[in-house]
Amino acid sequence: MKKIYFLIIVSFFMFSESHFAQFRTEDFKEDIEKFKNIVDTNPNNFDAFINLGRLYEIIGDNKNALTAYSKAISLKPKNIKANFARIDLLKKLNKEKDLVSEYNSKLPKTKEENLLNYLFLGYALRQYQTKILQYNKCIEINPDFFWAHFELGMVLIEMEVWFKAKDEFLIASKNNRDSDITLAKLSYVLLKIGDIENAKKYVDKALNLNPSCAAAYFTLAIIAEKEGNFEVAKENLMLTKVLDPLYSQTYYELGALYLKTKLLKEAEEELLNAKKMGYTKFKVFISLSDLYMELNQIDKAVEELENVIKIDPYSQTAYFRLVKIYKKQGEIDKTIETLVKFTKINSELPDPHIMLNEIYLEQKMYPEAVKEMEKILELGIDNVSIRNNLGYIYDEMQQYNKAIEQYKISINIDSTSTLTYSNMAGTYLRKGLFDQAILFSKKAIELDSNNLSAYNNLGTAYSNKGMFGEAIESFEKAVNLDNLQAILYNNLGAAYAASGQLKDAKDAWEKALEIDPTLEMVINNLKILEKTRK
């Protein structure tokens, strides 16, 4: 059977370079044997050791890959791409601490040696700010150092600081006009800032320099996806995989694309491949979590979000998605536990306190809800919504004076808040202060003639004062605004009954039962009405 060959321009970080061979994807082990024979014949063949290391890495033989890369570096210690290959592999094997110790031990040396050591140290580190620090040290030594500007641009891409990334790639492209990947990355950044026209222009330039530039096809895939052409996006990502099998982000993007198009089995395969290839950005774990939620594999979804938190303990996205899962599962204790944990890690964010307050309110845990609102105020955030929330909680706790105090503060913040006046009217009702309830209900209606709650409060206050005509008028306005609330028809019926209009009362209560046949209060009212009429 005739073998099928695919052209692979093997490159580090998708750089084309003459000493990288063309591999067949069908049988990497045959290629390994070929390069082993070459290095056996010529143990000083740098190119062969680089290609041998890459092949070993592709098939997952990391031990032999590391040996091959190390041998290549021993032949050319200052070769940047060989050092990067070794660093990438060791980072994949979680040897970052060893790498950092190694390069730190080499400082300080000569100016030229320090330039490379800062570069390699920056590449070995994971934290963005420490990487940036090392690359800036390179630039201080040599402002035109291509690699420092290129890698700084790569970090800024990871941080999604697009305009600064653009600046670094423009500098890098001026320092190395033959770098196809720099133009491809510049194209990617331009796409992210919305300049699609120039993004396409630069990706064409990259392909003119190197028709097999994997980074360019990757960018073309992202452009196609953005334009809604998912099939073209998939084809370009598949081609990127062929051109550079070790570029892990390709597997992630392909998995995310499959997830978006609901090809869940394929999505899982590619996303797991991304992890296997060392793509440990939080995005892959988030996507896997979304995938497992689609498959209703809750434990796996939770596990992936916990992986995000291991990488970034401050990840609001991961914590909030965990909260969403636990809430959906009805696991209130875990929901609260997760939010409390997040507030301890990042106490300056108001959102987790707001979410905790909502959960505590749902669970009628009012003292705990008050504490969360107080923490938000301590963060310097004060508005009508927070004060109304506090007022509502105190009202539920029957601490009416405290509730009114919060509503007064709310009015001082915004004297046009119809919600505040309506809420205050309700609290005065429960205190039995009906004149104040009428006053604030009218103020709420003055600000908003469609304030349903205000009309209901006003009708209730009039009823308690024996002013049933005014009460009926208010309740009728309420049911005209919303004729699907049984409690409004109950209140209207009660006002009719109190004023002796029993037929109208019966009609109103029967309407209430049509909406909610289980409303015990209405059932009892109708029973009493029947007895009265007999």
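Rules behind the numbers
Residues numbered from 1 in each chain as written. Predicted model: local features only at pLDDT ≥ 70, side-chain atom pairs only at ≥ 80, totals over all residues. Heavy atoms only, no water. Helix = DSSP H or I, 4+ residues; strand = E, 2+ residues; numbered from the N terminus. Rg over C-alpha atoms; globule rule 2.2 N^0.38 Å. Buried < 20%, exposed > 50% of the residue type's maximum accessible area, 1.4 Å probe, protein only. Contact = heavy atoms within 4.5 Å. Areas by Shrake-Rupley, 256 points an atom, 1.4 Å probe, with all protein chains shown as cover. Lys, Arg positive; Asp, Glu negative; His and termini not counted. Charge placed at Lys NZ, Arg CZ, Asp CG, Glu CD. Expected span 1.5 Å × (residues − 1). Arc of directions from axis to C-beta. Phe/Tyr/Trp six-rings, centres within 6.5 Å; stacked < 30°, edge-to-face > 60°. Lys NZ or Arg CZ within 6 Å of the ring centre and 35° of its normal. Core = buried A, V, L, I, M, F, W, Y, C linked by side-chain atoms within 4.5 Å. pLDDT = per-residue confidence, 0-100.

Caption draft 1: Structural detail: the overall build of the chain. A count of helices and strands for the chain gives 30 helices and zero strands. A globule of 534 residues ought to have a C-alpha radius of gyration of about 24 Å, yet the chain, at 34 Å, is considerably larger. Reported as C-alpha extents along the three principal axes, the dimensions of the chain are approximately 115 × 60 × 45 Å. The buried share of the chain, taken over its 534 residues, is 49%. Partitioning the intrachain contacts of the chain with sequence separation of at least 6 by distance along the chain shows that 48% fall at a separation of at least 24. A total of about 26,500 Å² of accessible surface is found on the chain, and carbon and sulfur atoms cover 49% of it. Positive and negative side-chain charges of the chain, numbering 70 and 75 respectively, have mean locations separated by a distance of 3 Å.

Caption draft 2: Expanded view of helix α9 (residues 162-175). End to end, α9 covers 20 Å across 14 residues, agreeing with the expected 20 Å (1.5 Å per residue, within 8%). Listing the buried residues of α9 in full gives Trp162, Ala165, Glu168, Phe169, Ala172 and Ser173. Projected down its long axis, α9 carries its buried residues within an arc of 135°, all on one side. Seen from the buried face of α9, the exposed residues on the opposite side, beyond 90 degrees, are Phe163, Lys164 and Lys174. On its buried face, α9 is in contact with α8 (146-159) and α10 (180-192).

Caption draft 3: Molecular detail of the packing of aromatic side chains. Here the structure, examined in full by the defined rule, presents 16 aromatic pairs. An angle of 50° between the planes, with centres 5.7 Å apart, marks the rings of Tyr103 and Phe120 as tilted. Here Phe120 lies in helix α6 (residues 111-124) and Tyr103 lies in helix α5 (residues 96-105), a separation of 17 residues in the sequence. A residue is classified by how much of its surface remains accessible, and Tyr103, at 1% relative accessible area, is buried. Judged by its relative accessible area of 3%, Phe120 is buried. An aromatic cluster of three or more residues is present, and its members are Phe84, Tyr103, Phe120, Tyr123, Phe146, Trp147, Phe150 and Phe169. Above the face of the Tyr123 ring, Lys91 is positioned so that its terminal group lies 5.3 Å from the ring centre. Of note, Lys131 hangs over the ring of Tyr123, and the distance from its end group to the ring centre comes to 5.7 Å.

Caption draft 4: Seen up close, the nonpolar core. Ranked by internal contacts, the top residues of the largest apolar core, which has 168 residues, are Ile80, Phe84, Ile87, Leu119, Phe120, Phe145 and Leu291. At nine residues, helix α12 (residues 214-226) tops the list of elements feeding residues into this core.

Caption draft 5: Molecular detail of unusual backbone geometry. Positive phi is not limited to glycine here, since Glu160 has a value of about 60°. Relative to the helices and strands, Glu160 is located in the loop between α8 and α9. Look at Lys364: it is not a glycine, yet its phi comes out positive at around 60°. Take Lys364: it is sitting in the loop between α20 (351-362) and α21 (366-378). Residue classification places Lys364 among the exposed positions, given a relative accessible area of 59%.

Caption draft 6: Structural context of the confidence of the model for the chain. Scored by pLDDT, the chain comes out at a mean of 91, with 95% of its residues at no less than 70. Here α5 stands out as the least confident element of the chain, with mean pLDDT 85; helix α23 (residues 400-413) is the most confident, with 98. Of the regions scoring below 50 in pLDDT, residues 1-26 engages in 77 contacts with residues more than four places distant in sequence or in other chains.

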